[in-house]
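# Geometric and topological summary
Okay, here's what each chain looks like letter by letter:
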Amino acid sequence: MEFYNTLSNKLEKFLPLEKNKVKMYVCGPTVYNYIHLGNARPIIVFDVLARYFKYKNYEVEFVQNFTDIDDKIINRANEEKLSCEEITKKYIDGFFEDVKKLNILSDVKRPKVTENIYEIIETIKKLIDNGFAYEKDGDVYFEVKKYSEYGKLSNQKIDELEAGARIDISKIKRNPLDFVLWKNKKENEPSYESPWGKGRPGWHIECSTMSQKYLGDTFDIHGGGQDLIFPHHENEIAQSKCAYHGNFANYWLHNGFVQIDGDKMSKSTGNFFLLREILEKFSGNVIRFFMVSTHYRKPINFSFEALKDTRKALENVINAMKKFEDAINLTKENLFGNKNSFEKIKEFDEKFVLAMDEDMNTPQALAIIFEQIKYTNKLLTKFEDRKDVICEIKSSYESLKNKIENVLGIKLESEKKFEKSSELTDKLIDLLLEVRKDARIEKNFKLSDKIRDSLKNLGIEIKDAKDGSTSYNFKE
């Protein structure tokens, strides 16, 4: 098994710390809003990876945190006139509602920052004692220049980073690159007692602390989106190595962005779709299929048309699997076919493993699944209740089901109810656009604007072209 390690910028053979056991840490969401489709990508990517390790009989320890204390959470709490605890509970509950529909594994440890304040303070104390951090007026900072390997993950040099840094007007920091470990209490903010006075943790320190607590000083894989490489993951490495002196993570895996028209999907820019909005129109199975159809390190360009195409492809797979199941159920004899007794099925399984072993190449793995479905369809033409053929069909069906459901996490359930709902929505929108077009021709701009504004309130943005045509797309 090989992975592209961001730390070395090359494919590396995977050698776990313990035989047949893997320890993984993946950065989780900051819970100030419902997750968007871009947040869902690392959740799905590393869920598939954990599933694949299990397929290969590894024991998996998987940790993915919740950031439940942060500036964004405090701002949202003030906006909604709720406490931070009420905000984080609302969006953590929403997270579990959403990922349940994505068929995410349940045996994942999901610690919260607020449950690990004591441990975070202990990590900061170690950094101060080891000479890598300093306190000033209740704030604590990591001194970047003290760590000689800073910038190794992101391929940046400290001198170049300093040259490119904005002039820091703060009299507190020793260097503009120094980053906060502990923030002094501000008015109307949650705070915790510490040796440096009341305050709260900085963002980066939380993952260093929780990964060490649950996985140890050194573990196998650290994952997340590529936007976290710098500064978040760079800072994690510095903190963890300077506090605990382990190797931290041996392999760093980063997934590519989900894009809309070539731009990164991001809450900060408003260029995003909430996952739960998409789940109203498409099943979690379609979203998973869409994600695994592209290699995890490459960007995905999102569109509703792409999801519709994905749903059709998935429906074809489901229909084929139903045919195989029906053929198996038609026979009256007991079937004891073992996939290893059929060379062609064994070959498909081996090809699947080779694809997944090569840096989790899910598009190639899917291509092998399609090839196996095509082969099994040919077996159906020879069926005629021949026991040898039906045994091979059964073995292929079980092999396919195992790979599709247990590794890729895609349930073989009909998409008809989502398809009908989506078709009805499209037809109703098209009807409203026709009415609006007629209103504009008749210069009834009051009705035209009312339809446009009503659709916008429903999250549907319409665009009028110079040639008189109208298009629409879904927005938050």
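My aim in this report is to walk through the structure given alongside it, one point at a time. Predicted, not measured: the structure shown is a model, and the values here were computed from it.

Cut-offs and rules
- Residues numbered from 1 in each chain as written.
- Predicted model: local features only at pLDDT ≥ 70, side-chain atom pairs only at ≥ 80, totals over all residues.
- Heavy atoms only, no water.
- Axes fitted to C-alpha atoms, helices over the stretch in contact; angles between N-to-C directions.
- Helix = DSSP H or I, 4+ residues; strand = E, 2+ residues; numbered from the N terminus.
- Parallel < 35°, antiparallel > 145°, perpendicular 65-115°, else oblique.
- Left-handed = near helix turned anticlockwise from the far one by under 90°.
- Contact = heavy atoms within 4.5 Å.
- Nonpolar A, V, L, I, M, F, W, Y, C, P; charged D, E, K, R; others polar.
- Pairing = 2+ DSSP bridges.
- Patch = residues over 30% accessible without salt bridge, like charges linked within 9 Å, V, L, I, M, F, W, Y side chains within 5 Å.
- Areas by Shrake-Rupley, 256 points an atom, 1.4 Å probe, with all protein chains shown as cover.
- Salt bridge = Lys/Arg side-chain N within 4 Å of Asp/Glu carboxyl O.
- Lys, Arg positive; Asp, Glu negative; His and termini not counted.
- Charge placed at Lys NZ, Arg CZ, Asp CG, Glu CD.
- Buried < 20%, exposed > 50% of the residue type's maximum accessible area, 1.4 Å probe, protein only.
- Phe/Tyr/Trp six-rings, centres within 6.5 Å; stacked < 30°, edge-to-face > 60°.
- Lys NZ or Arg CZ within 6 Å of the ring centre and 35° of its normal.

All right, on to the packing of helix H10 (residues 304–330) against helix H12 (residues 362–381) then. Helices that pack against each other are described as a pair by the angle of their axes relative to one another and the distance between those axes. Where H10 contacts H12, the axes come no closer than 11 Å and their chain directions differ by 40 degrees. Comparing their axes, H12 and H10 come out oblique. Considering how the two elements wind past one another, H10 and H12 form a crossing that is left-handed. For the pair H10 and H12, the contacting residues are Val317, Ala320, Lys323, Phe324 and Ala327 in the first and Phe370, Ile373, Thr376, Asn377 and Leu380 in the second. In the contact of H10 with H12, the residues fall into seven nonpolar, two polar and one charged.

Before going further, it helps to examine the sheet that holds strand S12 (residues 263–264). The strand order across the open sheet formed by three strands is S12-S11-S13, and the pairing between neighbours is mixed. Each edge of the open sheet carries a strand with a single partner, namely S12 and strand S13 (300–301). Alignment of strand S11 (residues 258–260) against S13, held across two bridges, turns out to be parallel. From the neighbouring strand, Val258 faces S13, where its bridge partner is Ile300.

Take a negative patch on the surface next. A contiguous patch of negative charge on the surface is contributed by Asp430, Glu434, Asp438 and Glu442. Along the chain, the position of Asp438 falls in helix H14 (residues 416–441). Accessibility expressed as a relative area gives 39% for Asp438, which makes it partly exposed.

What follows covers the packing of aromatic side chains. The tally for this structure, following the rule as stated, stands at 26 aromatic pairs. With centroids separated by 5.3 Å and ring planes inclined at 85 degrees, the aromatic side chains of Phe219 and Phe248 adopt a geometry described as edge-to-face. One end of the pair, Phe219, is in strand S9 (residues 218–225); the other, Phe248, is in strand S10 (residues 248–255), with 29 residues separating them in the sequence. Judged on exposure class, the residue Phe219 and its partner Phe248 are both buried. Ring geometry for Phe273 and Phe304: centres 5.4 Å apart, planes at 85 degrees, overall edge-to-face. Remark: Phe304 occurs in helix H10 and Phe273 occurs in the loop between S12 and helix H8 (275–279); sequence separation between them is 31 residues. Residue classification places Phe273 among the buried positions, given a relative accessible area of 5%. Among the aromatic side chains, those forming a connected cluster through ring pairs are Phe3, Phe14, Phe53, Tyr58 and Tyr251. A cation over a ring is seen here: Arg174 above Tyr134, with NZ or CZ 4.0 Å from the ring centre. Across from the ring centre of Tyr4, 4.3 Å away, lies the NZ or CZ of Arg297, which sits over that ring.

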